[in-house]
Amino acid sequence: MNARTETDIHWMGIALEEARGAGDAGEVPIGAVAVLEGREIATGANRTIRDCDPTAHAEMIALRAAAKAIGNYRLAGVALYVTIEPCSMCAGAIVQARIDRVVYGADDPKGGAARSCFNVLDNPQLNHRVELVANVRAEECAALLQVFFAARR
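The rules behind each value
Residues numbered from 1 in each chain as written. Predicted model: local features only at pLDDT ≥ 70, side-chain atom pairs only at ≥ 80, totals over all residues. Heavy atoms only, no water. Helix = DSSP H or I, 4+ residues; strand = E, 2+ residues; numbered from the N terminus. Rg over C-alpha atoms; globule rule 2.2 N^0.38 Å. Buried < 20%, exposed > 50% of the residue type's maximum accessible area, 1.4 Å probe, protein only. Contact = heavy atoms within 4.5 Å. Areas by Shrake-Rupley, 256 points an atom, 1.4 Å probe, with all protein chains shown as cover. Lys, Arg positive; Asp, Glu negative; His and termini not counted. Charge placed at Lys NZ, Arg CZ, Asp CG, Glu CD. Expected span 1.5 Å × (residues − 1). Pairing = 2+ DSSP bridges. Axes fitted to C-alpha atoms, helices over the stretch in contact; angles between N-to-C directions.

Peer 1: What am I meant to see in the overall build of the protein chain here?
Peer 2: In terms of regular secondary structure, the protein chain is built from five helices and five strands. Beginning at the N terminus, the succession of helices and strands in the protein chain can be written as α-β-β-α-α-β-α-β-β-α. A compact globule built from 153 residues would reach a C-alpha radius of gyration of about 15 Å, and the protein chain, at 14 Å, matches this within 12%. The principal-axis extent of the C-alpha atoms belonging to the protein chain is close to 40 × 40 × 30 Å. Counting every position in the protein chain, which comprises 153 residues, the buried fraction comes to 45%. Long-range pairs, those at least 24 residues apart, make up 55% of the contacts in the protein chain between residues at least 6 apart in sequence. Here the protein chain has roughly 7700 Å² of accessible surface; of this, 52% comes from carbon and sulfur atoms. A gap of 4 Å separates the mean positions of the 16 positive and 19 negative side-chain charges of the protein chain.

As structure tokens, then:
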């Protein structure tokens with residue numbers, strides 16, 4: 001295992017902690033962490049129910065906090081770790097923020113906009129392309145969602 005893989009596994013663990021917290025609060029368990037130069041600058045977890053806000057996805061919460069943390073809406077050099085493949089809204093925001101790299105856990109075959117349904121992050125028609133790493137700790141990330149939704153059926 002190389003250093004980059006180990007680093008990705010570590011940061012995905014932080015995103016998983018955020019996801020567990022969201023699930024404990026009754027939200028869909030998705031978490032995110034923004035990392036710049038090897039340090040955490042922001043985290044996020046789904047808050048759509050709590051905030052009564054359809055845009056309060058984990059990625060959006062982390063992007064907003066990261067922009068405030070560095071004082072710039074352009075997040076050049078930032079890697080975003082998220083437990084599930086970003087949706088089209090989040091992928092669009094990631095491109096607009098100029099995130100360098102997205103690392104995610106589980107694919108989202110019904111709404112993923114990184115590669116499953118759409119390819120927003122690396123679309124050659126857009127003015128920014130994002131490096132993508134998929135399936136980091138995918139089984140753990142998927143299991144969180146499966147357990148959450150099974151409990152609601």
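Read on for the rest.
Peer 1: Sorry if this is basic, but what is going on with helix α3 (residues 58-70) here?
Peer 2: Residue pairs spaced three or four apart in an α-helix point in one direction, given the helix's 3.6 residues per turn. Here α3 contains 13 residues, and its C-alpha end-to-end distance of 18 Å stays within 8% of the 18 Å for a straight helix at 1.5 Å per residue. Of all the residues in α3, the buried ones are Ala58, Glu59, Met60, Ile61, Ala62, Leu63, Ala66 and Ala67. Where the residues of α3 are buried, they touch β1 (31-36), β2 (39-45), β3 (78-84) and α4 (88-97). Following α3 by one or two positions, glycine 71 has its phi on the positive side, about 75°.

Peer 1: In this structure, what is going on with the sheet that holds strand β5 (residues 131-133)? I would like to understand it.
Peer 2: Two strands in a sheet stick together by hydrogen bonds in their backbones, pointing the same way (parallel) or opposite ways (antiparallel). Judged by pairing direction, the sheet is mixed, and its five strands sit side by side in the order β2-β1-β3-β4-β5 without closing on themselves. For this open sheet the edge positions go to β2 and β5, each flanked by a neighbour on one side alone. The mean angle between the axes of side-by-side strands here comes to 20°, regardless of whether they run parallel or antiparallel. Inspection of the sheet shows β3 paired to strand β4 (residues 101-106) by five bridges, in the parallel sense. Of the residues in β4, the one forming a bridge with isoleucine 84 is alanine 106. Sitting on the sheet, helix α1 (residues 3-24) is in contact with β1, β2, β3, β4 and β5, with an inclination near 55° to β3.

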